[in-house]
Every structure is written in C-alpha cells, then in structure tokens.
Amino acid sequence: MNNKEFILQLSKRTGYTPEDTQKMVKAIINGLVKEFENGEGVSIADFGTFEVKKKMERVVVNPTTKQRMLVPPKLTLGFKPVAALKEDLKQRKGGQ
C-alpha cells in the first residue's frame, strides 16, 4: 500500500477529506520525528513503542582485504509491538 492509497483508505474510515487526512498524518509524523530527534522514545497504546538506540563505535574487518575500519557511533530507531499485536499478526499469518 502506498501513501496515496493509505490516505484514501484512512479518510474513508474517519470521514475526513483526503487533504485533511494527509495534514493529520503529516502532523503526527512530524511530532514523532521531533521526539526522535530529541532522543526520546514514543509509546502508542495498543500498538507499540518506538525507541531511539545508540549504536556504539566499533571496528570491522573487510574479509577480502583484511583492512580494519572504524565505524562511527550512530542512532537507530527500533520498534517493539505490544504483545497483543504480535499475537494477532501470528494468528492471521497462520490462518491464511
């Protein structure tokens, strides 16, 4: 499902116009991004938790050249779904 299809489906479910729905989705995403930029996690009830994780600096070795390289630290975004969502997805996959 692409963005346009998602917005159209969501607008039908909520009764808002596609334009208003797009504005709401953008506002939610912008709010999430601001929290992530501040290093904060976000929990959404009945869905899951997004958390910003810091990966430490590490040394890797190129297997072909045996050259060692330093990989700088970086921030990554992780997601942990709530148990009920995980179970629901397992049941749906198994039921097909």
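Described below are features of the structure shown in this document. (Residues numbered from 1 in each chain as written. Predicted model: local features only at pLDDT ≥ 70, side-chain atom pairs only at ≥ 80, totals over all residues. Heavy atoms only, no water.)

## Comments concerning the overall build of the chain
- Looking only at helices and strands, one finds 3 helices and 5 strands in the chain.
- Counting from the amino terminus, the chain carries its helices and strands in the arrangement α-α-β-β-β-β-β-α.
- Here the C-alpha radius of gyration of the chain, 19 Å, is well above what a compact globule of 96 residues would show, namely 12 Å.
- Over its C-alpha atoms, taken along the principal directions, the chain stretches across nearly 60 × 35 × 25 Å.
- Counting only residues that meet the buried cut, the chain has 10% of its 96 residues in that class.
- A separation threshold of at least 6 residues defines the contact pool for the chain, and within that pool the share at least 24 residues apart is 28%.
- Accessible surface for the chain amounts to roughly 8,200 Å². Of this, 55% is attributable to carbon and sulfur atoms. (Helix = DSSP H or I, 4+ residues; strand = E, 2+ residues; numbered from the N terminus. Rg over C-alpha atoms; globule rule 2.2 N^0.38 Å. Buried < 20%, exposed > 50% of the residue type's maximum accessible area, 1.4 Å probe, protein only. Contact = heavy atoms within 4.5 Å. Areas by Shrake-Rupley, 256 points an atom, 1.4 Å probe, with all protein chains shown as cover.)

## Here we look at the side chain of Thr21
- Considering the arrangement of structural elements, one finds Thr21 in helix α2 (residues 18-37).
- Among the polar contacts made by the side chain of Thr21, one reaches the main-chain carbonyl oxygen of Thr17 at a distance of 2.8 Å.
- If near-sequence neighbours (up to four positions away) are discounted, Thr21 is found in contact with Ile7, Leu10, Ser11, Thr14 and Tyr16. (Polar contact = N/O pair within 3.5 Å; in protein donor to acceptor, adjacent residues only side chain to side chain.)

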